[in-house]
Amino acid sequence: MIDLRSDTLTRPTEAMRAAMARAEVGDDVYSEDPTVARLEERVAGLFGHEAALFAPTGSMANILAVRSVAGVGQEILCEASAHIARAELGAHAAYTGVTMRTWFHPRGQVDLSMIETMFAPDMGPFFVPTAAISVENTHNFAGGAVLGIEELRSLREFADDAGARVHMDGARIWNAHVATGVALAEYGAIADVMAVCLSKGLGAPVGSLLVGSAETVADARVWRKRMGGGMRQVGILAAAGLHALDHHVERLAEDHAHARLLAEACGVDPDSVDTNIVVVPRDDAADFVAAAREAGVAVATVGPRTVRLVTHLDVTRDDTEKAAAVLARLV
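Residues numbered from 1 in each chain as written. Predicted model: local features only at pLDDT ≥ 70, side-chain atom pairs only at ≥ 80, totals over all residues. Heavy atoms only, no water.

Trainee: An account of the packing of aromatic side chains is requested, with residue identities and associated values reported.
Mentor: In the structure shown here, the tally under the stated rule is two aromatic pairs. The interplanar angle of 65° and the centroid separation of 5.5 Å between the aromatic rings of Phe-47 and Trp-174 together place this pair among those described as edge-to-face. Of this pair, Phe-47 sits in the loop between helix H2 (34-46) and strand E2 (51-55) while Trp-174 is found in helix H8 (residues 173-180), placing the two residues 127 residues apart along the sequence. The same class applies to Phe-47 as to Trp-174, namely buried. (Phe/Tyr/Trp six-rings, centres within 6.5 Å; stacked < 30°, edge-to-face > 60°. Helix = DSSP H or I, 4+ residues; strand = E, 2+ residues; numbered from the N terminus. Buried < 20%, exposed > 50% of the residue type's maximum accessible area, 1.4 Å probe, protein only.)

Structure, rendered in structure tokens:
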């Protein structure tokens, strides 16, 4: 089976497993795991921030990040199909009392004029105030679309003028960096707080990080424990993240090329594919997925009329060409 359902399906390489086995560990709840400390320091530095916090999941990293910029009864603005709004099971409302309002863009992009219109300043005990604006880069449900750096800078300028903060869901920020050449620190300069993932395109088995100020990370460390996310000798997992940063970032370009090949096979314009995700409109989405699986290719529905294909570390060029032939026949 050639599995294109998600880039979360990657399995650790033998070299990554060896790095995990060698990891020096300690008790991270006491902040005594040296491998975790190295990972956190490195990732914070890559994005130009003071500190970072290792979390077991991307959803937890996002929850911790969002609660650091928006409090109970406040709102965060985001795009309508953003992961924090659509795919985290209402966690931000359930755990931290944050509400959301959304703008819509078919490519998940920043719509500054709409954000300016939606933004609600604090007008006393009458209306919900906007505390923060969230962006997702790359944007999962918009087909791995990259958000333009100039539009992000304009958003940052607006947020500064309005007294709002910016959260970036950077689960696949590594893909944006490789696709555009924009430095990670330039993306980091847009956001007050970020969540970045190691277990998607980078191929680590577990782990995301919250990135922000030292004060934000110190507070998030308490909340991580409160939410059941305190981990002990977790350097074994952090070592996988360090290995991924050393060996699996630049190779993301291969995944992007494979995605464009699959897009063409499915009748999608390859030029519309920025990174490693292909969204295929299909009125028969469920039947298409079933037929592809029967032919040896696993793809996923992300809506009643939408199929998603995701390339990743475990999908070779040969796999891609075989999958493309199968999908072209089905189309």
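Trainee: Before we move on, could you go through helix H14 (residues 317-330) and cite the residues and values that matter?
Mentor: Residues spaced three or four apart along an α-helix face the same direction, because each turn holds 3.6 residues. Across its 14 residues, H14 extends 20 Å between first and last C-alpha, which sits within 8% of the 20 Å expected from 1.5 Å per residue. Among all positions of H14, only Asp-319, Thr-320, Ala-323, Ala-324, Val-326 and Leu-327 are buried. The arc that holds every buried residue of H14, seen down its axis, measures 170°, which confines them to one face. Of the surrounding secondary structure, the elements contacted by the buried residues of H14 are strand E1 (2-3), helix H12 (252-265), helix H13 (285-294), strand E10 (297-298) and strand E12 (306-310). (Expected span 1.5 Å × (residues − 1). Arc of directions from axis to C-beta. Contact = heavy atoms within 4.5 Å.)

Trainee: Describe the pattern of salt bridges, listing the residues and the values that go with them.
Mentor: Enumeration over the complete set of coordinates arrives at 19 salt bridges. Notably, a salt bridge pairs Glu-40 with Arg-221, separated by 3.7 Å at the nearest N-O pair. Linking Glu-40 in helix H2 with Arg-221 in helix H10 (residues 214-226), this pair joins segments that are 181 residues apart in sequence. For Arg-221, a relative accessible area of 22% puts it in the partly exposed group. (Salt bridge = Lys/Arg side-chain N within 4 Å of Asp/Glu carboxyl O.)

Trainee: Can you tell me about the side chain of Asp-28, naming the residues and giving the values?
Mentor: In this structure, Asp-28 sits in the loop between helix H1 (14-22) and H2. Side chain to side chain, Asp-28 and Arg-224 meet in a polar contact 3.3 Å long. Setting aside residues up to four positions removed in sequence, Asp-28 forms contacts with Asp-33, Val-36, Arg-221, Arg-224, Met-231, Arg-232 and Val-234. (Polar contact = N/O pair within 3.5 Å; in protein donor to acceptor, adjacent residues only side chain to side chain.)

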